[in-house]
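Residue-level structure breakdown
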Amino acid sequence: MKIKALIIALLAISILSCSKDDDNSDSEDEIKITGTWDLTEMNYEGTTTINFEGIPVPVNIEGVGEDIDAQIVFEEEPNTVNASGTLTSVVTITVLTESTTEEIPINLSDFITSGTWTLSENTLIVVDTEGEEQTFEVNSLTETTLDLTTEQEITYEGTTVDVTMDVILMRQ
């Protein structure tokens, strides 16, 4: 159950990732990032260690977004970001040699509804309405495609998971 909750927390980071962008020159790229983007692909993986009766046990987590119907809107002056829509996160959790796969429905508005963004070189920073800051690497930003990666350390109920997430968005 703890792992399932971690997965949901990871998905929240995915959602934030979807709402992050960047490129090489500030003002030109900020203009490019503005608009409505459809989330088309989400993949993530993470690792952690849990203790079972005092014995450390490695846990691997892999996930992919399916049935994606989600959008991220970047506006400027002021630089705001809003997310909406749904997806299903298909998560595979492997403990030692045993794996289990779960499908978790995600409503983006449960995790991020709005925030602000800044873009500097290949770094996109999004700050949500609660002041939480997320940093993303922009792998590619073109007129039609936004490819983002984030590495996060997420702590949930005392368990820390190191996560790498890749997100691809297409401009509407």
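For the structure given in this document, a descriptive report is provided here. In every chain, residue numbers begin from 1 and rise along the written sequence. For this predicted model, a pLDDT threshold of at least 70 governs which residues receive local features, and a threshold of 80 or more governs which side-chain atom pairs are given and counted, while totals over whole chains, interfaces and linings are taken from all residues. To get the side-chain values, all heavy atoms of the structure are used, and hydrogens and water are removed first.

A closer look at the overall build of the chain
- A helix here means a DSSP run of H or I that spans at least four residues, while a strand means a run of E at least two residues long, and both kinds are numbered starting from the N terminus. Looking only at helices and strands, one finds 2 helices and 9 strands in the chain.
- Three labels apply to residues, based on accessible area from a 1.4 Å probe with only protein chains included: buried if under 20% of the type maximum, exposed if over 50%, partly exposed otherwise in between. Within the chain, buried positions represent 44% of all 172 residues.
- Contacts between residues were defined by any pair of non-hydrogen atoms, one from each residue, lying within 4.5 Å. Within the chain, contacts between residues separated by at least 24 positions form 62% of all contacts whose residues are at least 6 apart in sequence.
- Here the accessible surface of atoms and residues is derived via Shrake-Rupley with a 1.4 Å probe, and residues count as covered only by protein chains that are part of the display. Just so you have it, the chain exposes about 8,600 Å², and 46% of that area is on carbon and sulfur atoms.

Observations concerning the packing of aromatic side chains
- Only the six-membered ring of Trp is used, alongside the rings of Phe and Tyr, when aromatic pairs are assigned; centres must lie within 6.5 Å, and planes under 30 degrees apart are stacked while those over 60 apart are edge-to-face, with the rest tilted. For the coordinates displayed, the defined rule picks out 1 aromatic pair.
- Here Phe74 and Trp117 contribute two aromatic rings whose centre-to-centre distance is 5.8 Å and whose plane-to-plane angle is 90 degrees, an arrangement assigned as edge-to-face. Taken together, the positions of Phe74 in strand 2 (residues 55–75) and Trp117 in strand 5 (residues 114–120) put the pair 43 residues apart, joining distant regions of the chain.

Considering unusual backbone geometry
- In this structure, Pro78 follows Glu77 across a cis peptide bond, with omega equal to 5 degrees.
- For Pro78, the location among the structural elements is in the loop between strand 2 and strand 3 (80–95).
- The backbone of Glu121 shows a phi angle near 55 degrees, a positive value even though the residue is not glycine.
- Relative to the helices and strands, Glu121 resides in the loop between strand 5 and strand 6 (123–128).
- Glu121 gets classed as exposed once you look at its relative accessible area, which sits at 55%.

Regarding the pairing of strand 4 (residues 98–107)
- Pairing between strands requires that DSSP locate at least two bridges from one strand to the other. Of the pairings in the sheet, the one linking strand 3 to strand 4 comprises 10 bridges and is antiparallel in character. From the neighbouring strand, Thr94 faces strand 4, where its bridge partner is Ser99.

Some words on the pairing of strand 5
- The side-chain alternation of strand 5 yields one buried face, formed by Gly115, Trp117 and Leu119, and one unburied face, formed by Ser114, Thr116, Thr118 and Ser120.
- One ladder, built from 3 bridges, connects strand 3 with strand 5; its direction is antiparallel. Within the sheet, the bridge partner assigned to Thr80 lies in strand 5 and is Thr116.
- Both strand 5 and strand 6 contribute to a ladder of 6 bridges, which runs antiparallel.

Some thoughts on the environment of Leu146
- Its place among the elements puts Leu146 in strand 8 (residues 145–156).
- On a C-alpha basis, the gap between Leu146 and Ile33 in space is 8.2 Å, while along the polypeptide they are 113 residues apart.

Considerations on the side chain of Thr150
- Here Thr150 is to be found in strand 8.
- With relative accessibility at 2%, the residue Thr150 sits in the buried group.
- Pairing of N or O atoms within 3.5 Å defines a polar contact, subject to two protein rules: one partner must be a possible hydrogen donor and the other a possible acceptor, and residues neighboring in sequence count only if both atoms are side-chain atoms. A polar atom in the side chain of Thr150 sits 3.0 Å from the backbone oxygen of Thr135.
- Polar side-chain contacts of Thr150 include one of 2.6 Å to the side chain of Gln152.

These results come straight from atomic positions and should not be treated as a statement about function.
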